[in-house]
Amino acid sequence: QVQLVESGGGLVQTGGSLRLSCAASGRAFGTYNMGWFRQAPGKEREFVASILWKTETTYYADSVKGRFTISRDNAKNTLYLQMSSLKPEDTAVYYCAARRPINTQYDYWGQGTQVTVSS
């Protein structure tokens, strides 16, 4: 079992930056693939970024590539999302998620943190 708690959301102006954190508790955080997702009002949840546990290979949605950076600190059981050059369309609730490598779907989800980008 893994518990995930996001933090770091808030209100920022267009062009600004934020860093989201996701604190994980439970066993073997370092062996889970981790991801960030977001959901804007009236829209479906969408993939933002992910990082593999073993190689730390990263993947990004085209909409955030070059602006967002996902990273993890296994010693601190924490996942990060550094967001820069923020746009109003980045406004959403951001969720972190954990997935066992053998699974195709994410097993655990946090409660989300709101990010609002003002124009």
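The rules we used
Residues numbered from 1 in each chain as written. Predicted model: local features only at pLDDT ≥ 70, side-chain atom pairs only at ≥ 80, totals over all residues. Heavy atoms only, no water. Helix = DSSP H or I, 4+ residues; strand = E, 2+ residues; numbered from the N terminus. Buried < 20%, exposed > 50% of the residue type's maximum accessible area, 1.4 Å probe, protein only. Pairing = 2+ DSSP bridges. Axes fitted to C-alpha atoms, helices over the stretch in contact; angles between N-to-C directions. Disulfide = S-S within 2.5 Å. Phe/Tyr/Trp six-rings, centres within 6.5 Å; stacked < 30°, edge-to-face > 60°. Lys NZ or Arg CZ within 6 Å of the ring centre and 35° of its normal.

Things to note about unusual backbone geometry
Then step 1. Its identity is not glycine, yet Glu 56 carries a phi of approximately 55 degrees, on the positive side.
Then step 2. Tracing the sequence through the fold places Glu 56 in the loop between strand E5 (46-51) and strand E6 (58-60).
Then step 3. With a phi close to 50 degrees, Ser 85 is a non-glycine residue in the positive phi region.
Then step 4. Residue Ser 85 is classed as partly exposed on the basis of its relative accessible area, which comes to 41%.

Structural notes on the sheet that holds strand E8 (residues 78-83)
Then step 1. With antiparallel pairing, four strands are arranged side by side in an open sheet as E1-E3-E8-E7. Looking along the sheet, the strands with just one partner apiece sit at the ends: strand E1 (2-7) and strand E7 (68-73). Adjacent strand axes in the sheet meet at a mean angle of 15 degrees when their direction is disregarded.
Then step 2. Summarising the sheet, strand E3 (residues 18-26) and E8 pair through six bridges and their orientation is antiparallel. Among the inter-strand pairings, Leu 20 is bridged to a residue of E8, identified as Leu 81.

So, the state of the cysteines
Then step 1. For the coordinates displayed, the defined rule picks out one disulfide.
Then step 2. At a sulfur-sulfur separation of 2.0 Å, the disulfide partner of Cys 22 is Cys 96. Taking the torsion about the sulfur-sulfur bond, which here is approximately 50 degrees, the covalent link between Cys 22 and Cys 96 counts as right-handed. With Cys 22 in strand E3 and Cys 96 in strand E9 (residues 92-99), this pair connects stretches of sequence that are 74 residues apart.
Then step 3. We classify Cys 96 as buried; its relative accessible area is 0%.

What to know about the packing of aromatic side chains
Think of a pair of aromatic rings as described by two things: how far the centres are apart, and how the planes are tilted against each other in angle.
Then step 1. Within this structure, the stated rule accounts for five aromatic pairs.
Then step 2. Here the aromatic rings of Tyr 32 and Tyr 108 are separated by 6.1 Å at their centres, their planes lie at 65 degrees, and the arrangement is edge-to-face. Of this pair, Tyr 32 sits in the loop between E3 and strand E4 (33-39) while Tyr 108 sits in strand E10 (residues 108-109); the two residues are 76 residues apart in sequence, bridging distant segments of the chain.
Then step 3. Residue Tyr 32 is classed as buried on the basis of its relative accessible area, which comes to 8%.
Then step 4. For Tyr 108, a relative accessible area of 11% translates into the label buried.
Then step 5. Seen from their ring centres, Phe 37 and Trp 109 are 4.9 Å apart, and the 55 degrees between their planes marks the pair as tilted. Of the two residues, Phe 37 sits in strand E4 while Trp 109 sits in strand E10, which places them 72 residues apart along the sequence.
Then step 6. Joined through ring pairs, the aromatic side chains of Phe 37, Phe 47, Tyr 106 and Trp 109 make up one cluster.
Then step 7. When the ring centre of Trp 109 is taken as origin, the NZ or CZ atom of Arg 45, which lies over that ring, is 3.7 Å away.
Then step 8. We note Arg 99 situated over the ring of Tyr 106; from NZ or CZ to the ring centre the distance is 5.5 Å.

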